[in-house]
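Observations on the three-dimensional arrangement
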Amino acid sequence: METLSIILLCVFIPVTVLLSICLLCIHSYWKRKWKSITKENDIEAKGDIKIGNQSKENVKHTLRFQGRLEDAQRGPSHQDPTFVADEKLGGRKKKQKVEESKLFEFDPPIGNKNLGNTCFFNSSLQALYFTKFFEDALSLLKVSAPNFQNLKLTKSVLELLEKKNVNHTQELRSVLNAVRNINNQFGRGTQEDSYELLNTLLGGILDELQNGDRTCKPIDVDSGVNGISLKNLFTGIFITIYVYDSCNDVEVDFEEFTTLSIPIADNIDQNFKKLPHRGLQTISSEDPRFDIEKGLAVLTQIEDYEESDLPCRVCNIEGTGKAYRRMLVFTPPPVLVIHIDRFKMNDFNRLTKNAQRLKYPRIFNMAKFCSVANTELSTNSLNYELYAVVVHSGALGGGHYYAYVNTTRMHDVEKWQEHLKRSPLDLEKLKSNVEEFLRKRHEFQDDSGQTEVCKVKDSWFYVSDESVCSASVDEVISHKDAYILFYEVH
Ligand SMILES: [Zn+2]
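Residues numbered from 1 in each chain as written. Predicted model: local features only at pLDDT ≥ 70, side-chain atom pairs only at ≥ 80, totals over all residues. Heavy atoms only, no water.

Details of the overall build of the protein chain
- Secondary structure assignment for the protein chain yields 13 helices and 16 strands.
- Partitioning the intrachain contacts of the protein chain with sequence separation of at least 6 by distance along the chain shows that 73% fall at a separation of at least 24.
- With the model as given, the accessible surface of the protein chain reaches about 24800 Å², and the carbon-plus-sulfur share is 52%. (Helix = DSSP H or I, 4+ residues; strand = E, 2+ residues; numbered from the N terminus. Contact = heavy atoms within 4.5 Å. Areas by Shrake-Rupley, 256 points an atom, 1.4 Å probe, with all protein chains shown as cover.)

The following block contains the structure:
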């Protein structure tokens, strides 16, 4: 019995002690493990908040510039050029709101000092100040073009845009001097043509970018720098289509344009209500309603010739039927500048101003003037919204120029990105494809879509040299002295 007690004691006590130690260890392990899981969860939870905040910040940019959530997850270092342009290089636009992702807002205008009859210059500049991505595209060139310092006009325009206060007279003078280097008629104290100035300024910048200077390589203005092409902002492409009755051949030519000059048209030639060839069709066949649409209709109307006068260059056979020619818009530019040609000859064979009031809408659709040959276009993608007007009041020899600008506009992010980052077209290849498409098109039928117009809250300003005050949209639309209209893709 005594032996049994000893054995029991010897076995039971160590086993109990061992079991207790094991239980303690297991308890302690699980306690530590539990603590660590909780801590990890805490860190993860905090991390979530952090990442969440970052995402929220990025979404803010993304909604403004990208419109896609997956880009937000790339973090703040992703190299979207529009993102970089706005965040790092600044710009006149400033007050975008997250909840209004499709609203594009600029700061109110700052007037330009009159340097001696320079209202023609000041008014066109105001319209450029409020052109989306104009400053951004120049800013990107500054950081990426090796010879930027030698691009006198481009550099001076950017310096003027960067100066965000009224003390910019020196910069204003530099731009005027750079323009005078191209055409010395400007800035001699005489009143000049605002449209001519605009063409010289825009043409001058594009020339500088294309040609560079003698010591440096030209900047690839077509493909753009960091994705935004300054050229793409204003440049559209015309297509001229020739069709021939006898052989049914189709021939096309392409030509670039930066601004459009339209005539004042009282009545439009309706001879071609029924199209002689379906290849000459526009995306929409609606009749023009507003005066500027009538002007564009004149610009894009069908001309007819005898085939003997315009022989087919495809087959070189001189037919006996008719040949038709029509110029249409193939690629509309994101920024559409329309000049109203107000010059007319009077009875004494002297040039005078046609002071007729013209009707132009705030939003209009370009589909009536765009060729079906560009199959990527649809009626819905061709709405244009007015954002600036250069007005000329008074007579031809004198008068005064001023501008209206809208600082708050709609902004379709994806549409603009598509336009600004567009690759240059291979026109030779395009020519043969389009000719083939138009030839075949003659045999098929199709329908055109409907126009969609959106409402926006706008904010118009009247800017006359140094005077700036707010204006109503009613004051701007169909202004009796409108001279240059600035539309942008809606
Ligand atoms: Zn032919």
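Things to note about the coordination of the zinc ion
- Surrounding the zinc ion are the protein donor atoms Cys 247 (SG), Asp 249 (OD), Cys 312 (SG) and Cys 315 (SG), which sit 2.1 to 2.3 Å from the metal.
- With 4 donor atoms in place around the zinc ion and angles of 103 to 116 degrees between them, the coordination shape is tetrahedral.
- On the basis of relative accessibility, which here comes to 27%, the residue Cys 315 falls in the partly exposed class. (Donors = N, O, S within 2.8 Å, 3.2 Å for Na, K, Ca; no water. Tetrahedral: all angles 85-135°; square planar, octahedral: opposite > 155°, others 65-115°. Buried < 20%, exposed > 50% of the residue type's maximum accessible area, 1.4 Å probe, protein only.)

Comments concerning the nonpolar core
- Counting 110 residues, the largest nonpolar core has Phe 134, Phe 364, Met 366, Leu 485 and Tyr 487 as its most contacted members.
- Sort the elements by how many residues they give to this core and helix α8 (residues 194-211) lands first, with 8 residues.
- Excluding its chain neighbours within four sequence positions, the residues that come into contact with Leu 485 are Ile 292, Leu 336, Val 337, Ile 338, Ile 340, Tyr 360, Leu 386, Ala 388 and Val 389. (Core = buried A, V, L, I, M, F, W, Y, C linked by side-chain atoms within 4.5 Å.)

Notes on the pattern of salt bridges
- Under the counting rule described, the total for this entry stands at 21 salt bridges.
- The salt bridge partner of Lys 142 is Glu 162, with a shortest N-O separation of 3.3 Å. Of this pair, Lys 142 sits in helix α5 (residues 134-144) while Glu 162 sits in helix α6 (residues 152-162), placing them 20 residues apart in sequence.
- On the accessibility criterion, Lys 142 (40% relative accessible area) is partly exposed.
- By relative accessible area, Glu 162 is classed as partly exposed at 31%.
- Salt bridges sharing common partners tie together Glu 251, Asp 253, Arg 313, Lys 431 and Glu 435. (Salt bridge = Lys/Arg side-chain N within 4 Å of Asp/Glu carboxyl O.)

Side note on α8
- Over its 18 residues, α8 runs 25 Å from end to end, which matches the ideal 26 Å to within 8%, given 1.5 Å per residue.
- Three or more residues of α8 are buried, namely Ser 194, Tyr 195, Leu 197, Leu 198, Thr 200, Leu 201, Leu 202, Gly 204, Ile 205, Leu 206, Glu 208 and Leu 209.
- Among the residues of α8, the N-terminal cap falls to Asp 193, whose side-chain oxygen and the backbone nitrogen of Tyr 195 are separated by 2.7 Å. (Expected span 1.5 Å × (residues − 1). Polar contact = N/O pair within 3.5 Å; in protein donor to acceptor, adjacent residues only side chain to side chain.)

Overview of the packing of aromatic side chains
- Scanning all chains against the criterion turns up 14 aromatic pairs.
- Residues Phe 254 and Phe 330 carry aromatic rings whose centres are separated by 5.1 Å and whose planes lie at 70 degrees to one another, so their mutual orientation is edge-to-face. Linking Phe 254 in strand β3 (residues 250-257) with Phe 330 in strand β6 (residues 322-331), this pair joins segments that are 76 residues apart in sequence.
- Using a relative accessible area of 17% as the deciding quantity, one classes Phe 254 as buried.
- Chaining the aromatic ring pairs together yields one cluster made of Phe 104, Phe 106, Phe 130, Phe 133 and Trp 416.
- Stacked on the ring of Phe 104, the Lys or Arg Lys 132 has its end atom at 5.2 Å from the ring centre. (Phe/Tyr/Trp six-rings, centres within 6.5 Å; stacked < 30°, edge-to-face > 60°. Lys NZ or Arg CZ within 6 Å of the ring centre and 35° of its normal.)

Describing the confidence of the model for the protein chain
- Of all residues in the protein chain, 73% have pLDDT values of 70 or greater, and the mean over the chain is 77.
- Here residues 33-91 is a poorly scored stretch, pLDDT under 50, and it has 69 contacts once near neighbours within four places are set aside; other chains count.
- Overall, residues 445-454 carries pLDDT values under 50, and its contacts beyond four positions in sequence, including any with other chains, amount to 20 contacts. (pLDDT = per-residue confidence, 0-100.)

What to know about the packing of helix α4 (residues 119-129) against α8
- Where α4 contacts α8, the axes come no closer than 9 Å and their chain directions differ by 55 degrees. Classed by the angle they form, the pair α4 and α8 counts as oblique. Relative to α8, α4 is oriented so that their crossing is right-handed. For the pair α4 and α8, contact is made by Phe 120, Phe 121, Ser 123, Ser 124, Leu 125 and Leu 128 and by Ser 194, Leu 197, Leu 198, Leu 201 and Leu 202, respectively.
- In the contact of α4 with α8, the residues fall into 8 nonpolar, 3 polar and no charged. (Axes fitted to C-alpha atoms, helices over the stretch in contact; angles between N-to-C directions. Parallel < 35°, antiparallel > 145°, perpendicular 65-115°, else oblique. Left-handed = near helix turned anticlockwise from the far one by under 90°. Nonpolar A, V, L, I, M, F, W, Y, C, P; charged D, E, K, R; others polar.)

Thoughts on unusual backbone geometry
- Located in the positive-phi region is Asn 117, a residue other than glycine, with phi close to 55 degrees.
- By the element assignment, Asn 117 lies in the loop between β1 (103-105) and α4.
- In this model, Asn 248 sits at a positive phi of 65 degrees, which is unusual for a non-glycine residue.
- Here Asn 248 lies in the loop between β2 (236-244) and β3.

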